[in-house]
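Each chain, written out:
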Amino acid sequence: MKIIVLVKQVPDTYGERKLNATTGILDRAASEPIIDEISERALEVALRYRDSHKGTEVVLLGMGPASVTAALRKALALGADSAVHVLDDALAGADMGYTAAVLAAATIHTGYDLVIAGNESTDGRGGVIPSMIAEHLQRPSLTFLDSLDILDERVSGVRRTETGTVDAHAALPAIVSITELAPDVRFPNFKGILSAKKKPLTVLALADLGLDTAALSSRGHSVIAKTEQRPSRTAGTKVADDGNAGVDLADFLAARHLI
Ligand SMILES: Cc1cc2nc3c(=O)[nH]c(=O)nc-3n(C[C@H](O)[C@H](O)[C@H](O)COP(=O)(O)OP(=O)(O)OC[C@H]3O[C@@H](n4cnc5c(N)ncnc54)[C@H](O)[C@@H]3O)c2cc1C
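Residues numbered from 1 in each chain as written. Predicted model: local features only at pLDDT ≥ 70, side-chain atom pairs only at ≥ 80, totals over all residues. Heavy atoms only, no water.

## Examining the nonpolar core
Working step 1: Core analysis: the biggest nonpolar cluster contains 37 residues, and Val5, Leu43, Leu60, Ile116, Leu148 and Val155 have the highest contact counts within it.
Working step 2: For this core, the elements supplying multiple residues, two or more each, are strand S1 (2-6), helix H1 (37-52), strand S4 (57-63), helix H2 (68-77), strand S6 (114-118), strand S7 (141-150) and strand S10 (174-178).
Working step 3: The greatest single-element share of this core, amounting to seven residues, is contributed by H1.
Working step 4: Sequence-distant contacts of Leu43, that is, excluding residues within four places in its chain, are made with Val5, Val58, Leu60, Ala75, Leu78 and Ala80.
Working step 5: Grouped together as the second largest cluster of nonpolar side chains are 29 residues, Ala101, Ala117, Ile129 and Leu216 included. (Core = buried A, V, L, I, M, F, W, Y, C linked by side-chain atoms within 4.5 Å. Buried < 20%, exposed > 50% of the residue type's maximum accessible area, 1.4 Å probe, protein only. Helix = DSSP H or I, 4+ residues; strand = E, 2+ residues; numbered from the N terminus. Contact = heavy atoms within 4.5 Å.)

Written out as structure tokens, the structure is:
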């Protein structure tokens, strides 16, 4: 079984996250880049399966700037077998359509039985990349799974809905995405950290995938027209209780149409 885990590098969730006001593109220098936690959970799901199924290969796939290589090395230290980094200057500012097309091409290039992704990234939060990749690959997708069972020829899982749960399954090869209910990623051990440096990490450019920007943009893509900083917070209103605080609070809420 060959499992590809989609690993996205994102700005540190607890750091300052900024868009470049002129280009609208993510300002990567504004905060430390880290592996998205949901990608780490996807990796843990793959590693747990591999731990109990000899012959399983876990390949990491990430698209992004040069710093993504470090993220992939870190994920290799956790136990993945190899990694693929799609790196091309032409991908700066890639929207979801571009990203899905490129990740799908890299998935085909790498070969796979199963692709495991996070349900939505911490930064873009599109929540659609796994389904878009499945469409490119013309393979089934099971998304937003709270639990996942990988069998020899099929994959199944449980998805929460507003009214209950849905049990779904699909024949392999397939694409799945997992939710934050997937297990926390393990800690790297010393052996893993040492061996990560020697594990294969392939860097691919668009041309290696038989793609170019003309082909990608022929379908059109979204462009950020304008970005605006969120206004800084203003001081709150203090309601002093001089015996009339209840009425003052009710007036405050009513003035904002909150009651
Ligand atoms: C016009 C436009 C310009 C943009 N410009 C930039 C930019 O310059 N720099 C930038 O960082 N972002 C940019 N983005 C956002 C970026 O394109 C999205 O983050 C990306 O397309 C993935 O969408 P998402 O994170 O919302 O995916 P989701 O669907 O929320 O991701 C779900 C899962 O898919 C996988 N996945 C998603 N993206 C990747 C990836 N790149 N590599 C590996 N796995 C992945 C992960 O497993 C993730 O958990 C731009 C978006 C738009 C619309």
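Okay, back to it.
## Some details on the site of the ligand
Working step 1: The ligand sits among 33 residues. The nearest are Lys8, Arg28, Ala94, Ser121 and Gly126.
Working step 2: In this structure, an oxygen atom belonging to the ligand sits 3.0 Å away from a main-chain N or O atom of Gly118.
Working step 3: The contact in question runs from an oxygen atom of the ligand to an N or O atom on the backbone of Arg125, over 3.3 Å.
Working step 4: Those elements that provide at least two residues to the shell around the ligand are H1, S4, helix H3 (96-110), S6 and helix H4 (129-137). (Near = heavy atom within 4 Å. Polar contact = N/O pair within 3.5 Å; in protein donor to acceptor, adjacent residues only side chain to side chain.)

## Examining the pairing of strand S5 (residues 82-86)
Working step 1: Among the five residues of S5, five are classified as buried, and the element is accordingly described as predominantly covered.
Working step 2: Residues Ser82, Val84 and Val86 of S5 are buried on one face, and the alternating residues Ala83 and His85, pointing to the opposite face, are buried as well.
Working step 3: Relative to S5, S4 runs parallel, the two being bridged by five bridges. When the bridges of S5 are listed, Met63 appears paired with Val86.
Working step 4: Taking the sense of rotation as the criterion, the β-α-β connection linking S4, H2 and S5 turns out right-handed.
Working step 5: One ladder, built from four bridges, connects S5 with strand S11 (residues 201-204); its direction is parallel. (Pairing = 2+ DSSP bridges. Right-handed = clockwise from strand over helix to strand, strands pointing away.)

## Regarding the sheet that holds S5
Working step 1: Taken in spatial order, the nine strands make up an open sheet running S9-S8-S7-S10-S6-S1-S4-S5-S11, and their pairing is mixed. Every interior strand has two partners, whereas the edge strands, strand S9 (165-171) and S11, have only one. Looking at each pair of strands side by side, their axes are set apart by 35° on average, direction ignored.
Working step 2: Examined bridge by bridge, S6 and S10 share five bridges and lie parallel to one another. By the bridge assignment, Ile116 is partnered in S10 with Val176.
Working step 3: Together, S1, S4, S6, S7 and S10 form the strand contacts of H1, whose direction differs from that of S1 by roughly 165°.
Working step 4: In the packing of H4 onto the sheet, the strands contacted are S1, S6, S7 and S10, and the crossing angle to S10 comes to about 180°. (Axes fitted to C-alpha atoms, helices over the stretch in contact; angles between N-to-C directions.)

## A word on the environment of Ala80
Working step 1: You can see Ala80 is positioned in the loop between H2 and S5.
Working step 2: Residue Ala80 is classed as buried on the basis of its relative accessible area of 0%.
Working step 3: Residues Ala80 and Ile4, 76 residues apart in the sequence, show an inter-C-alpha distance of 9.6 Å.
Working step 4: Non-local contacts of Ala80, meaning those with residues more than four positions away in its chain, are made with Leu43, Leu47, Arg50, Val58, Leu60, Ala75 and Lys199.

## As for the pairing of S10
Working step 1: Summarising burial for S10: five of the five residues are buried, a large majority.
Working step 2: The side-chain alternation of S10 yields two buried faces, one formed by Ala174, Val176 and Ile178 and the other by Ile175 and Ser177.
Working step 3: Across three bridges, the pairing between S7 and S10 is parallel. From the neighbouring strand, Leu145 faces S10, where its bridge partner is Ile178.

## As for the environment of Val5
Working step 1: Among the secondary structure elements, Val5 is positioned in strand S1.
Working step 2: With 113 residues separating them along the chain, Val5 and Gly118 place their C-alpha atoms 8.9 Å apart.
Working step 3: Discounting chain neighbours no more than four positions away, the residues touching Val5 are Ser39, Ala42, Leu43, Ala46, Val58, Val59, Leu60, Leu61 and Ile116.

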